[in-house]
Structures are given as structure tokens and as C-alpha cells.
Amino acid sequence: GAGVSQSPRYKVAKRGQDVALRCDPISGHVSLFWYQQALGQGPEFLTYFQNEAQLDKSGLPSDRFFAERPEGSVSTLKIQRTQQEDSAVYLCASSLGTPWQYFGPGTRLTVL
Amino acid sequence: SQQGEEDPQALSIQEGENATMNCSYKTSINNLQWYRQNSGRGLVHLILIRSNEREKHSGRLRVTLDTSKKSSSLLITASRAADTASYFCATTSAGGTSYGKLTFGQGTILTVHP
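Remember, it's a predicted structure, so these values are computed and weren't measured experimentally.

A. Inspection of the overall build of chain A at higher detail. A count of helical and extended segments in chain A gives 0 helices and 11 strands. Scanning chain A from its N terminus toward the C terminus, one meets helices and strands in the order β-β-β-β-β-β-β-β-β-β-β. Since a compact globule built from 112 residues should have a radius of gyration of about 13 Å, the 13 Å found for chain A is in line with a globular shape. Reported as C-alpha extents along the three principal axes, the dimensions of chain A are approximately 40 × 25 × 20 Å. Long-range pairs, those at least 24 residues apart, make up 52% of the contacts in chain A between residues at least 6 apart in sequence. Surface accessibility of chain A: about 5,500 Å² in total, with carbon and sulfur atoms responsible for 48%. Side chains of chain A give 11 positive and 10 negative charges; the mean places of these two sets differ by 8 Å.

Right, dumping it as C-alpha cells:
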């Protein structure tokens with residue numbers, strides 16, 4: 001089927017606004033990861049889900065970042081009270097039984 | 001924080017030439033992977049080498065791994081303009097409960113001129 005999809009592809013927010021970024025993983029993939037990629041850098045791990053359970057959130061930079069995957073498929077990354085340093089590309093990836101991951105196209109967030 | 005470093009940061013070559021990029025990492029690993037990223041297709045997995053392997057081939061790609069030096073190299077032979085992209089190494093840590101999360105290097109920007 002289709003690969004990992006993310007929406008929106010681009011998001012512009014004013015500082016202080018809340019944003020929600022959506023990820024649709026490949027159907028049946030148990031593992032779901034979120035990464036943050038700053039301009040000119042490699043992606044950095046944010047959080048990991050196994051089905052609906054969030055097993056690792058050690059990479060979330062602050063308590064303004066929250067992620068959920070309530071039914072074990074679609075996931076949402078929410079950022080409250082956005083700040084300029086939150087500007088980045090947010091990547092979602094999924095996998096099933098393989099050490100490599102399938103990445104979505106990302107959401108480019110710009111905070112003004 | 002980033003796991004390690006890649007060099008060169010940028011590489012410019014002519015079509016048909018070989019491209020070599022290097023990656024260093026800091027902790028013990030289960031495996032090391034290389035990914036390609038361009039604006040058209042996002043991040044795509046290229047090749048994986050396990051910690052007990054020293055060399056792996058896939059098509060025009062050759063990866064080496066030296067765990068004693070905590071380093072890896074990616075060789076792309078007979079490069080094509082379509083190989084123009086950013087290349088990242090990524091590791092999964094040994095032991096513990098890493099859940100397979102990837103730790104990426106900072107990447108090498110490869111430009112192949114027709």
C-alpha cells in the first residue's frame with residue numbers, strides 16, 4: 001500500500017499558537033517514531049510508540065511537546081505555545097520487524 | 001544530541017566518478033544504516049550493516065564498518081546526477097531498551113554534476 005503520510009506538509013504558526021501534526025504510518029506497522037530535523041542537521045529522535053503505548057519520550061525537548069497514538073495507527077504530535085526554536089521539519093517513521101524505518105515526507109513548521 | 005559526525009560536510013563530483021563519505025559514532029551499536037534524503041522523496045533507507053559485519057554491498061553501494069574505530073564509510077560507484085542528495089548514517093545502540101530508535105549523523109551533501 002501507500003507509504004507513510006504526514007499532514008500538513010507545511011505549517012506556519014505565530015509564536016504562542018498551538019499546532020498539531022499528523023502521521024499516518026504504513027498499515028500494520030507496530031512501531032512509530034517521531035524525529036525533529038533542524039535546518040542543515042540530521043534528524044533527532046523525539047518519541048517512540050509500540051502500537052498505542054508510548055514507550056520512549058526521552059527526546060521530547062520540553063513539556064510543550066505531546067504525542068499520542070490512541071488506536072495504535074495514526075499519531076499526532078502536538079506542540080503547545082510554539083516558540084521560534086520549534087521551527088524545524090518533523091518526520092514520522094514506521095516499521096514492522098525490521099531495524100530500518102520508513103519515513104514520511106515530513107511537516108515543515110515555521111514559527112514566526 | 002547527534003551521535004557523531006560525517007565528513008565531508010559537502011562533496012561535489014562529476015557524473016561517473018566515485019563518491020566516498022565517512023561517518024563516526026560514539027557508542028556501541030547493534031547496526032549502522034545509511035539513508036538518503038532529497039526534496040523529492042524524503043528520507044529513504046539505503047543499506048544496513050550489522051555490528052559483526054565489516055563490509056556490505058548493494059548495487060553501486062559499498063559500506064564498510066570498523067567498530068574498533070567507531071567509523072563507517074559509504075562508497076557510491078559510478079555516480080549519477082540522480083544521486084545528488086544528502087546522505088546520513090544512523091545507528092541503533094547496543095544493549096538497553098533503545099527500541100530501535102535511530103541516532104543520525106549530521107549528513108554529507110553530495111552534488112553530482114552531469
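Still more to cover.
B. Region of interest: unusual backbone geometry. In this model, Ser7(A) is joined to Pro8(A) through a cis peptide bond whose omega is -10°. Note on placement: Pro8(A) falls in the loop between strand 1 (5-7) and strand 2 (10-13). With omega at 0°, the peptide bond leading from Asp7(B) into Pro8(B) counts as cis. Relative to the assigned elements, Pro8(B) resides in the loop between strand 1 (5-7) and strand 2 (10-14). Positioned with a positive phi, Asn51(A) is a non-glycine residue whose angle comes to about 55°. Its location among the elements puts Asn51(A) in the loop between strand 5 (44-50) and strand 6 (53-56).

C. Main features of the sheet that holds strand 8 (residues 71-76) of chain B. Residue and element names in this part refer to chain B. Pairing in this open sheet of 5 strands is antiparallel, and the strands run 1-3-8-7-6 from one edge to the other. Since the sheet does not close on itself, it has two edges, and those belong to strand 1 and strand 6 (55-58), each with one partner. Going from strand to strand, the sheet's axes swing by 15° on average, the running direction of each strand aside. Sheet analysis places strand 3 (residues 19-24) next to strand 8, joined by 6 bridges and oriented antiparallel. Bridging from a neighbouring strand, Asn-22 pairs with Ser-73 of strand 8.

Criteria and thresholds
Residues numbered from 1 in each chain as written. Chains lettered and ligands numbered in written order. Predicted model: local features only at pLDDT ≥ 70, side-chain atom pairs only at ≥ 80, totals over all residues. Heavy atoms only, no water. Helix = DSSP H or I, 4+ residues; strand = E, 2+ residues; numbered from the N terminus. Rg over C-alpha atoms; globule rule 2.2 N^0.38 Å. Contact = heavy atoms within 4.5 Å. Areas by Shrake-Rupley, 256 points an atom, 1.4 Å probe, with all protein chains shown as cover. Lys, Arg positive; Asp, Glu negative; His and termini not counted. Charge placed at Lys NZ, Arg CZ, Asp CG, Glu CD. Pairing = 2+ DSSP bridges. Axes fitted to C-alpha atoms, helices over the stretch in contact; angles between N-to-C directions.

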